[in-house]
Amino acid sequence: MARKAAGRPQEETLSLWKREQALLKTLVVDRDTEAWQRDLAFSGLQRVGGVDVSFVKGDSVSACASLVVLSYPELEVMYEDCRMVSLTAPYVSGFLAFREVPFLVDAVQQLREKEPRLMPQVLFVDGNGVLHHRGFGVACHLGVLTDLPCIGVAKKLLQVDGLENNALHKEKIRLLKGGGDSFPLMGGSGTVLGMALKSHDHSTKPLYVSVGHKMSLEAAVRLTHGCCKFRIPEPVRQADIRSRDYIRRTLGVQGAPALRPERSKKAQRPKACPQGASEEPAEVSCCVINCSVKSTWQRTEPTCPSPCEGAILEVHPPALAVI
DNA sequence: GCGACAG
DNA sequence: ATCTTGTCGC
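Conventions we followed
- Residues numbered from 1 in each chain as written.
- Chains lettered and ligands numbered in written order.
- Predicted model: local features only at pLDDT ≥ 70, side-chain atom pairs only at ≥ 80, totals over all residues.
- Heavy atoms only, no water.
- UniProt positions renumbered as here; feature names shortened; annotations may be inferred.
- Helix = DSSP H or I, 4+ residues; strand = E, 2+ residues; numbered from the N terminus.
- Buried < 20%, exposed > 50% of the residue type's maximum accessible area, 1.4 Å probe, protein only.
- Contact = heavy atoms within 4.5 Å.
- Areas by Shrake-Rupley, 256 points an atom, 1.4 Å probe, with all protein chains shown as cover.
- pLDDT = per-residue confidence, 0-100.
- Near = heavy atom within 4 Å.
- Nonpolar A, V, L, I, M, F, W, Y, C, P; charged D, E, K, R; others polar.
- Polar contact = N/O pair within 3.5 Å; in protein donor to acceptor, adjacent residues only side chain to side chain.
- Axes fitted to C-alpha atoms, helices over the stretch in contact; angles between N-to-C directions.
- Left-handed = near helix turned anticlockwise from the far one by under 90°.
- Pairing = 2+ DSSP bridges.
- Phe/Tyr/Trp six-rings, centres within 6.5 Å; stacked < 30°, edge-to-face > 60°.
- Lys NZ or Arg CZ within 6 Å of the ring centre and 35° of its normal.

Labelled according to an unreviewed UniProt entry, chain A appears under the name Endonuclease V, originating from Delphinapterus leucas. Regarding chain A, the relevant UniProt record gives this comment under Sequence similarities (unreviewed entry): "Belongs to the endonuclease V family." UniProt annotates chain A under Cofactor (unreviewed entry) with the comment "Mg(2+)".

Following this line, the structure appears as structure tokens:
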């Protein structure tokens, strides 16, 4: 049963979301905080993570959230966690995080509790970081809430603060010679918001890299290039492939195209395969912990008839918003 | 009516 | 994000 998309949020909700973004934005660290980030070979970096959310085609509510961890520099998958989720917030440009980030935070929290040794040292996020309407895209949001270094990687240019995908921009793209070449994306205020990166030699379309959290733009661009076997950085690419595959396996061969949420419970088992122990991946329990952030959407729209002001009393890394 | 629009 | 097969090229 394909559920309908939630409509556009009320203006009041968008105001609350903007306030939350403004508050959390003050916690973003846009410089290198780890030793490996300043090393030319990234020595000390062993695990890179990627997250993604894939959707069920006729359904804008059912989706698969995935978190993968790859070894660096080999880029082999060490950990994979896919789970079906029901999205409550609609997609609104500029507010992507309110739709997807609660489930990604949950996935990181699971990993932190069950397999802390596999915690990635940096997370690649499908979407922008500070290259955003209000300087706080999904990569910043996830970074602040998890306290992990994050890199925003978008496939299309978000045209904000004077940035335009115009003829001049396209010409700059055409002038990129080989993989690793990039040019700065300067906002109207004179600030460099991100970089357009040719992720490998034969890629026509660039990647738009921006700082998410706890990492400089220079290191973010260099590491992104270092994680690209193909156009899309391998951590995000694997998260995407595996989440889509998970949906196909879960909803595919059943005959009836109807969604069966009860089946997903059985399938909720992330596999951890440290050091290729055996062919059979170790089972990891996967109970969902309700200690992570409730989305503002869930707090205000369906459940709170009276405006609960979305007051945030306390924020600290990992910055978990508390009502 | 027209352009914009991360995922 | 998703709708969609084969096809052309390295």
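Trainee: Sorry, what's going on with the overall build of chain A here?
Mentor: In terms of regular secondary structure, chain A is built from nine helices and 10 strands. Across the 323 residues that make up chain A, the buried fraction comes to 51%. In chain A, the share of contacts with a sequence separation of at least 24, taken over all contacts with a separation of at least 6, comes to 68%. Per element, the accessible surface of chain A, about 15500 Å² overall, is 54% carbon and sulfur.

Trainee: Any chance you could explain the confidence of the model for chain A here in plain terms?
Mentor: Residue-level pLDDT values for chain A average 82, and 76% of them are 70 or greater. The model gives residues 255–271 a pLDDT under 50, and that stretch makes 31 contacts with residues more than four places away or in other chains.

Trainee: Can you walk me through unusual backbone geometry in this structure?
Mentor: Negative phi values dominate among residues other than glycine, just as trans dominates among peptide bonds. Looking along the chain, the bond that leaves Tyr 72 and enters Pro 73 is cis, with omega of 10 degrees. Mapped onto the elements of the fold, Pro 73 is located in the loop between strand E2 (62–71) and strand E3 (77–86). A positive phi is found at Phe 42, a non-glycine position, where the angle reads about 55 degrees. Mapped onto the fold, Phe 42 is located in the loop between helix H2 (35–38) and strand E1 (47–55). On the basis of relative accessibility, which here comes to 3%, the residue Phe 42 falls in the buried class. Of note in this structure, Leu 75 is not a glycine but carries a positive phi near 65 degrees. Mapped onto the fold, Leu 75 is located in the loop between E2 and E3.

Trainee: Could you clarify how one ought to interpret the protein's contact with DNA strand C in this entry?
Mentor: Close contacts around DNA strand C come from Phe 55, Lys 57, Lys 155 and Arg 244, and that covers them all. Backbone atoms, meaning sugar plus phosphate, form 100% of the atoms of DNA strand C positioned within 4 Å of the protein. Looking at the surface near DNA strand C residue by residue, the classes come out as one nonpolar, no polar and three charged.

Trainee: Help me understand the protein's contact with DNA strand B, please; the structure alone is not making it clear to me.
Mentor: Among the 16 residues in the neighbourhood of DNA strand B, the closest are listed as Tyr 91, Gly 94, Asn 128, Lys 155 and Gln 159. For DNA strand B, the backbone portion of the atoms within 4 Å of the protein, that is sugar and phosphate, comes to 55%. Interatomic distance of 3.0 Å between a backbone N/O atom of Gly 94 and a base nitrogen of DNA strand B. Between DNA strand B and the protein, one listed contact pairs a phosphate oxygen with a backbone N or O atom of Lys 155 at 2.8 Å. Per-class residue counts for the surface near DNA strand B are six nonpolar, seven polar and three charged.

Trainee: How do you make sense of the packing of helix H3 (residues 96–114) against helix H4 (residues 138–146) when you look at a structure like this?
Mentor: When two helices pack together, their arrangement is given by the angle between the helix axes and by the axis-to-axis distance. Packing of H3 against H4 brings their axes to within 10 Å, and their N-to-C directions diverge by 35 degrees. Of the two possible hands of crossing, H3 and H4 adopt the one that is right-handed. Along its contact with H3, which presents Leu 96, Ala 97, Phe 98, Val 101, Leu 104, Val 105, Val 108 and Arg 112, the element H4 presents Val 138, His 141, Leu 142, Leu 145 and Thr 146.

Trainee: Mind showing me how you'd approach the pairing of E2 here?
Mentor: Two faces, one strand: in a regular strand the side chains alternate between the faces of the sheet. E2 sits mainly inside the fold: 10 of its 10 residues count as buried. Of the two faces of E2, the one lined by Ser 62, Cys 64, Ser 66, Val 68 and Leu 70 and the one lined by Ala 63, Ala 65, Leu 67, Val 69 and Ser 71 are each fully buried. Pairing geometry for E1 and E2, over nine bridges, is antiparallel. Bridging across to E2, Ser 54 finds its partner in Cys 64.

Trainee: How do you make sense of the packing of aromatic side chains when you look at a structure like this?
Mentor: Geometrically, a pair of aromatic rings is defined through the distance of the ring centres and the angle of the planes. Counted according to the given criterion, the structure contains five aromatic pairs. Ring centres of Trp 17 and Phe 98 lie 4.7 Å apart, and the angle between their planes is 5 degrees; this geometry places the pair in the stacked category. In this pair, Trp 17 sits in helix H1 (residues 11–25) while Phe 98 sits in helix H3, placing the two residues 81 residues apart along the sequence. Each of the two residues, Trp 17 as well as Phe 98, counts as buried. Look at Phe 42 and Tyr 72: their rings are 6.3 Å apart centre to centre, the planes differ by 85 degrees, and that puts the pair in the edge-to-face class. Taken together, the residues span a long stretch of sequence, with Phe 42 in the loop between H2 and E1 and Tyr 72 in the loop between E2 and E3 at a distance of 30 residues. Exposure class is identical for Phe 42 and Tyr 72. Each is buried. One aromatic cluster is present, built from ring pairs that chain together Trp 17, Phe 95 and Phe 98. Geometry around Phe 42 places Arg 222 over its ring, the cationic atom sitting 4.1 Å from the centre.

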